[in-house]
Amino acid sequence: MKIINNKFQKITVAIIFSWLIFFVLIPNLLVLAVSFLTRDGSNFYAFPITIENYTNLFNPLYAQVVWNSLFMSCIATVICLIIGYPFAFMISKIHPKYRPLLLFLVVLPFWTNSLIRIYGMKIFLGVKGVLNTMLMDIGILSEPIRILNTEVAVIIGLVYLLLPFMILPLYSAIEKLDGRLLEAAKDLGANAFQRFFRVILPLTMPGIIAGCLLVLLPAMGMFYVADLLGGAKVLLVGNVIKSEFLISRNWPFGSAISIGLTILMALLIFVYYRANKLLNKKVELE
């Protein structure tokens, strides 16, 4: 039986490694290779090798797009954190019998294609949409406001799609909190404000960082959100990559932008790793 289990483990590991090599490593290596080639009108890319595609990344026009993408992604991340933290805290404190239901409701939107949900959000935010109609019926608005085709609509769409990615790691971190630490802090005279900022927040910081990365990184590449809710007036990095591949047919430059975004993601993941390591060391010392 032990020999069978060992063989099964080896086969499973071999399948996983093969999948990663053929569908992750090799495609990324091809993108990296193309990013050093030259644009060609008939073949999309050709020799000679050049680094011009990477120097073009520092063009003020593209730098502005990257900055706007990062700005909107950061705002969406902060909003997700503000909404997600109390919700995750509530789930962790509710009766264990009801937690699976609430977690199921959190992941339920994943059962529907995100593109379809964005079309639904487009109808919801329209001038004659549900939101404007409801606010006018209540009396808050006297006339409909224009939300679509603005940065606000794009940020709302990003929050709508990515909020579950914030809630789940936060819930995982909050659920692991040792209640005895909070009781000890209370016995030592700490009020609710002090207990939150001196005990709860530091211990749940790994979940906060993980949730922020899970929201921030995908947000920069969701080009269809900017296309549908921003009316092609608001650009994310993903929109530029899509345009370079499908419209401009400049595959080398599109590949260079993709590699640049990948490097940015890797740096943010490294920051998460280092921050998590420092936090764990601090907890151990205390």
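Residues numbered from 1 in each chain as written. Predicted model: local features only at pLDDT ≥ 70, side-chain atom pairs only at ≥ 80, totals over all residues. Heavy atoms only, no water.

Per an unreviewed UniProt entry, the protein goes by the name Spermidine/putrescine ABC transporter permease PotB and belongs to Rodentibacter rarus. UniProt's Subcellular location (unreviewed entry) comment on the protein is quoted here verbatim: "Cell membrane". (UniProt positions renumbered as here; feature names shortened; annotations may be inferred.)

Caption draft 1: Local environment of the packing of helix α5 (residues 114–125) against helix α7 (residues 151–175). The contact between α5 and α7 brings their axes to 11 Å, and the two run at 135 degrees. Considered as vectors, α5 and α7 are oriented oblique to each other. The handedness of the crossing between α5 and α7 comes out as right-handed. In this structure, α5 contributes S114, R117, I118, M121 and L125 to the contact, and α7 contributes A153, I156, G157, Y160 and L161. Split into classes, the residues belonging to the contact of α5 with α7 amount to 7 nonpolar, 2 polar and 1 charged. (Axes fitted to C-alpha atoms, helices over the stretch in contact; angles between N-to-C directions. Helix = DSSP H or I, 4+ residues; strand = E, 2+ residues; numbered from the N terminus. Parallel < 35°, antiparallel > 145°, perpendicular 65-115°, else oblique. Left-handed = near helix turned anticlockwise from the far one by under 90°. Contact = heavy atoms within 4.5 Å. Nonpolar A, V, L, I, M, F, W, Y, C, P; charged D, E, K, R; others polar.)

Caption draft 2: Spatial organisation of the UniProt feature "transmembrane region" (unreviewed entry) in the protein. As annotated in UniProt, the feature "transmembrane region" (unreviewed entry) corresponds to residues 12–37, 65–89, 101–120, 152–174, 195–216 and 253–273 in the numbering used here. End C-alpha to end C-alpha, residues 12–37 measures 37 Å, and it is 88% helix and 0% strand. Span residues 195–216 is 95% helix and 0% strand, its end C-alpha atoms 28 Å apart.

Caption draft 3: Just the packing of aromatic side chains, in detail. Inspection of every chain in the model, using the stated rule, returns 11 aromatic pairs. Relative to F253, the ring of Y62 lies with its centre 4.8 Å away and its plane at 65 degrees, an arrangement referred to as edge-to-face. With Y62 in helix α3 (residues 60–93) and F253 in helix α13 (residues 251–285), this pair connects stretches of sequence that are 191 residues apart. Under the relative-accessibility criterion, Y62 is labelled partly exposed at 22%. An angle of 50 degrees between the planes, with centres 5.8 Å apart, marks the rings of F245 and W251 as tilted. Aromatic ring contacts, followed pair by pair, group Y85, F193, F196 and F197 into a single cluster. (Phe/Tyr/Trp six-rings, centres within 6.5 Å; stacked < 30°, edge-to-face > 60°. Buried < 20%, exposed > 50% of the residue type's maximum accessible area, 1.4 Å probe, protein only.)

Caption draft 4: Seen up close, the nonpolar core. The biggest cluster of nonpolar side chains holds 46 residues, and the ones touching the most others in it are I118, L125, L158, L161, M222, V225 and L229. The element best represented in this core is α7, accounting for 13 residues. Each residue touching V225, except ones within four places of it in the same chain, is listed here: I118, V154, G157, L158, L161 and G230. (Core = buried A, V, L, I, M, F, W, Y, C linked by side-chain atoms within 4.5 Å.)

Caption draft 5: Spotlight on the environment of R117. Topologically, R117 is positioned in helix α5. In this structure, the C-alpha to C-alpha distance between R117 and L161, residues 44 residues apart in sequence, is 8.2 Å. With near-sequence residues (within four places) excluded, R117 lies in contact with P109, F110, T112, Y160 and L161.

Caption draft 6: Seen up close, the pattern of salt bridges. By the definition in use, this model includes 2 salt bridges. A salt bridge links E175 to R99; the nearest nitrogen and oxygen atoms lie 3.6 Å apart. Pair noted here: E175 is in helix α7 and R99 is in helix α4 (residues 99–107), with a separation of 76 residues, a long-range link. Residue E175 is classed as partly exposed on the basis of its relative accessible area, which comes to 41%. (Salt bridge = Lys/Arg side-chain N within 4 Å of Asp/Glu carboxyl O.)

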